[in-house]
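# Structural features, examined
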Amino acid sequence: GDCAFCARSVQFILRHDRRRRTLEFAARAGMAGAGVRERHPELLTVDSMIWVDRTPQGERPAVRADALLSIARYLGGAWGMLGWLGGLVPRVVRDAAYGVIARHRQRLAAGREACVVFTPEERARALD
């Protein structure tokens with residue numbers, strides 16, 4: 001997309017992915033992102049990061065701070081511990097903190113290019 005903070009976040013996640021190659025990503029506005037939102041109508045108006053766990057029972061989406069905590073747990077190690085501890089904070093508080101960061105993400109990424117050049121390995125993990 002056009003958000004440097006988001007693009008850098010994807011790079012951070014990919015860099016810390018211990019499982020390597022099990023995580024794929026897509027822009028919300030891309031075909032894969034649109035497909036997820038079509039399969040989950042409750043996500044049509046969500047203007048946030050969306051994390052989708054695929055299980056034998058189907059897809060289980062998470063948004064906002066819940067998505068961030070899911071990512072932390074996925075990364076494991078110290079990040080996983082932070083994800084677990086963050087789950088102890090009430091959702092309303094987590095989402096409020098997430099909202100503050102989301103509203104200021106352009107300023108947090110000030111001076112950074114929105115167009116990040118992904119490595120061939122990273123590009124291979126993009127769904128769009």
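Going by the structure above, here's the rest.
Just so we're clear, the structure is a prediction, and the values are computed from it rather than from any experiment.

### Quick word on the overall build of the protein chain
Check the secondary structure of the protein chain and you find 7 helices and 2 strands. Walking the protein chain from its N terminus toward its C terminus, one meets helices and strands in the order α-α-β-β-α-α-α-α-α. For the protein chain, with 128 residues in total, the buried portion stands at 33%. The contacts of the protein chain with a sequence gap of at least 6 include a subset with a gap of at least 24, amounting to 52%.

### Focus: a nonpolar patch on the surface
A contiguous nonpolar patch, built from Trp 79, Met 81, Leu 82, Trp 84, Leu 85 and Leu 88 and spanning about 650 Å² of accessible area, is present on the exposed surface. Among the secondary structure elements, Leu 88 is positioned in the loop between α4 (77–86) and α5 (91–103).

### Things to note about the pattern of salt bridges
Counted by the stated rule, this structure contains 5 salt bridges. Close ionic contact of Asp 66 with Arg 91 constitutes a salt bridge, the shortest N to O distance being 2.7 Å. Here the residue Asp 66 occupies a position in helix α3 (residues 64–75), and Arg 91 occupies one in helix α5, the gap between them amounting to 25 residues. The salt bridge partner of Asp 66 is Arg 94, with a shortest N-O separation of 2.5 Å. Of this pair, Asp 66 sits in helix α3 while Arg 94 sits in helix α5, and the two are 28 residues apart along the sequence.

### Some remarks on the packing of aromatic side chains
By convention here, two paired aromatic rings are described through the distance between centres and the angle between planes. Across all of its chains, the model carries 2 aromatic pairs by this definition. Here the aromatic rings of Phe 12 and Trp 79 are separated by 5.2 Å at their centres, their planes lie at 90 degrees, and the arrangement is edge-to-face. With Phe 12 in helix α1 (residues 4–15) and Trp 79 in helix α4, this residue pair connects regions lying 67 residues apart in the sequence. Here Trp 79 falls in the partly exposed class, since its relative accessible area comes to 36%.

### Notes on helix α2 (residues 31–39)
All of the buried residues along α2 are Gly 33, Gly 35, Val 36 and Arg 37. Packed against the buried residues of α2 are β1 (50–55).

### Brief notes about α5
In this model, α5 (13 residues) spans 18 Å end to end at C-alpha, consistent with the 18 Å of a helix rising 1.5 Å per residue. Listed as buried for α5 are Arg 94, Tyr 98 and Gly 99. Down the axis of α5, the buried side of the element spans an arc of 135 degrees, and every buried residue falls inside it. Structural note: α5 exposes Val 92 and Arg 103 on the side pointing more than 90 degrees away from its buried face.

Criteria and cut-off values
- Residues numbered from 1 in each chain as written.
- Predicted model: local features only at pLDDT ≥ 70, side-chain atom pairs only at ≥ 80, totals over all residues.
- Heavy atoms only, no water.
- Helix = DSSP H or I, 4+ residues; strand = E, 2+ residues; numbered from the N terminus.
- Buried < 20%, exposed > 50% of the residue type's maximum accessible area, 1.4 Å probe, protein only.
- Contact = heavy atoms within 4.5 Å.
- Patch = residues over 30% accessible without salt bridge, like charges linked within 9 Å, V, L, I, M, F, W, Y side chains within 5 Å.
- Areas by Shrake-Rupley, 256 points an atom, 1.4 Å probe, with all protein chains shown as cover.
- Salt bridge = Lys/Arg side-chain N within 4 Å of Asp/Glu carboxyl O.
- Phe/Tyr/Trp six-rings, centres within 6.5 Å; stacked < 30°, edge-to-face > 60°.
- Expected span 1.5 Å × (residues − 1).
- Arc of directions from axis to C-beta.

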